[in-house]
Amino acid sequence: SLLGIFVFGPLGADDAAAFLGQINVRGTLVRVLSLHQSSLSETFQHNPMRGMLDGTLWTIKYEFDCYVCVAILWVFGLLRRGPVTALLIALTAGLALQRIGVFTPPAIDHGVPAILVSSPANWPRLFSFFFAGAAFYLWRDAIPKSPALLLVSVLVLAFGMGIGGAEFAMLTGGVYCLFCAALSSGRTPRLFGRKVDLSYGIYLFG
């Protein structure tokens, strides 16, 4: 983040000095160290997504909180199939209720609480996908890699998108398709002879 702010930000600004001059160093450091976006926008003004210095970093706080949840589950001996599956079902139910307007989690977007924790308004959606992956991993020896299941998953995706339920189709069929794709190649990306995973870094830096 700091590299993006102090190197890429000025390079993408029409006036590098003006961009650097509008930085609130203390506030920016607090945001970066608490895993939030810098909120700096006076750069890349001529891009299709104007002023997006670190737009892709908005998920980092949620991902960190998901890892905290995993640690809490482990401490209490709940990092097992049953509890994780129950948590996934509860999160998915919360997402469904949120989408139909029955359940509205609070939004935390300012002050000390926002520094400490991600906004609950996005927990049902983002945590559902995280724990869908976790549940698939824990059930990996019971879920076969099957062309028939892959076809069913593709149909689930197509049907879900057709009726406006893409999120829920992605949580089931989409996750299965993703794992099938990821596990269908034995190729390992390498950089200077070492195994690397470039996908996440490429995503984070847009």
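Here is a short report on the structure shown in this document. The structure displayed is predicted, hence computed values, not measured ones.

### Side note on the environment of Asp109
Mapping Asp109 onto the fold places it in the loop between helix H5 (81-99) and helix H6 (111-116). The spacing of Asp109 and Ser41 is 68 residues in sequence and 18 Å in space, taken between C-alpha atoms. There is a polar contact of 2.8 Å between the side chain of Asp109 and the side chain of His110.

### Notes on helix H7 (residues 123-138)
Compared with an ideal rise of 1.5 Å per residue, which puts 16 residues at 22 Å, H7 spans 21 Å between its outermost C-alpha atoms and is within 8% of the ideal. Buried within H7 we find Pro124, Leu126, Phe127, Ser128, Phe131, Ala132, Ala135, Phe136 and Leu138. Residues of H7 that are buried sit in contact with helix H4 (60-75), H5 and helix H9 (166-182).

### Re the packing of aromatic side chains
Enumeration over the complete set of coordinates arrives at five aromatic pairs. Taking the centre distance of 6.0 Å and the plane angle of 75° together, the rings of Trp58 and Tyr62 count as edge-to-face. Since its relative accessible area comes to 33%, Trp58 is described here as partly exposed. Measuring from centroid to centroid gives 5.1 Å for Phe130 and Phe131, while their planes differ by 75°, and the two rings are edge-to-face. Given the relative accessible area of 1%, Phe131 is considered buried. Each member of the aromatic cluster is reached from another via a ring pair, and the members are Tyr67, Phe130 and Phe131. Above the face of the Trp139 ring, Arg81 is positioned so that its terminal group lies 4.5 Å from the ring centre. When the ring centre of Tyr137 is taken as reference, the NZ or CZ atom of Arg140 above it lies at 4.0 Å.

### A word on the nonpolar core
Val84, Phe127, Phe131 and Ala132 are the most contacted members of the largest nonpolar core, which totals 18 residues. Those elements that provide at least two residues to this core are H4, H5, H7 and H9. Top element by residues in this core is H7. It accounts for seven residues. By size, the runner-up hydrophobic cluster in this structure holds seven residues, among which are Ile5, Ile23, Leu40 and Leu53.

### Quick look at the packing of helix H8 (residues 147-162) against H9
Following both chains from N to C, one finds H8 and H9 inclined at 150°, their axes separated by 8 Å at the closest point. In terms of orientation, H8 and H9 fall into the roughly antiparallel class. Relative to H9, H8 is oriented so that their crossing is left-handed. Residues Leu149, Leu150, Ser153, Val154, Val156, Leu157, Gly160 and Met161 of H8 form the contact with H9, whose participating residues are Ala166, Ala169, Met170, Thr172, Gly173, Gly174, Tyr176, Cys177 and Cys180. Grouping the amino acids of the contact of H8 with H9 by side-chain chemistry returns 12 nonpolar, five polar and no charged.

Scoring rules and cut-offs
Think of each chain on its own: its residues are numbered from 1, step by step along the sequence as written. Only residues with pLDDT of 70 or above have their local features reported here, since the model is predicted, and side-chain atom pairs are shown and tallied only from 80 upward, although totals for entire chains, interfaces and linings are computed over all residues. In computing side-chain properties, one takes all heavy atoms of the structure into account and sets aside hydrogens as well as water. Helix numbering and strand numbering both begin at the N terminus, where a helix is a DSSP run of H or I of at least 4 residues and a strand a DSSP run of E of at least 2. Two N or O atoms form a polar contact when they lie within 3.5 Å of each other; inside protein one atom must be a possible hydrogen donor and the other a possible acceptor, and for residues adjacent in sequence the pair counts only when both atoms belong to side chains. In a helix, the anticipated span is given by 1.5 Å times the number of residues less one. For each residue, the accessible area found with a 1.4 Å probe, counting protein chains only, is set against the maximum for its type, and the residue is called buried under 20%, exposed over 50%, and partly exposed in between. The contact rule is simple, with two residues in contact once any of their heavy atoms fall within 4.5 Å. Side-chain rings of Phe, Tyr and Trp (the six-membered ring for Trp) are treated as a pair once their centres are within 6.5 Å; stacked means planes under 30 degrees apart, edge-to-face means over 60, and tilted covers the remaining angles. Only when the NZ atom of a Lys or the CZ atom of an Arg is both within 6 Å of the ring centre and within 35 degrees of the ring normal do we say a charge sits over the ring. To qualify as a nonpolar core, a set must consist of buried Ala, Val, Leu, Ile, Met, Phe, Trp, Tyr and Cys residues joined through side-chain atoms within 4.5 Å. Axis definition: a line fitted to C-alpha atoms, limited for helices to the stretch in contact. Angles are taken between N-to-C directions and run from 0 to 180 degrees. We call two directions roughly parallel when the angle between them is under 35 degrees, roughly antiparallel when it is over 145, roughly perpendicular when it lies between 65 and 115, and oblique otherwise. Definitions for this section: a left-handed crossing has its near helix turned counterclockwise from the far helix by less than a right angle. A right-handed crossing has that turn clockwise. Gly is put with the polar residues, along with every residue not named as nonpolar or charged; the nonpolar set is Ala, Val, Leu, Ile, Met, Phe, Trp, Tyr, Cys and Pro, and the charged set is Asp, Glu, Lys and Arg.

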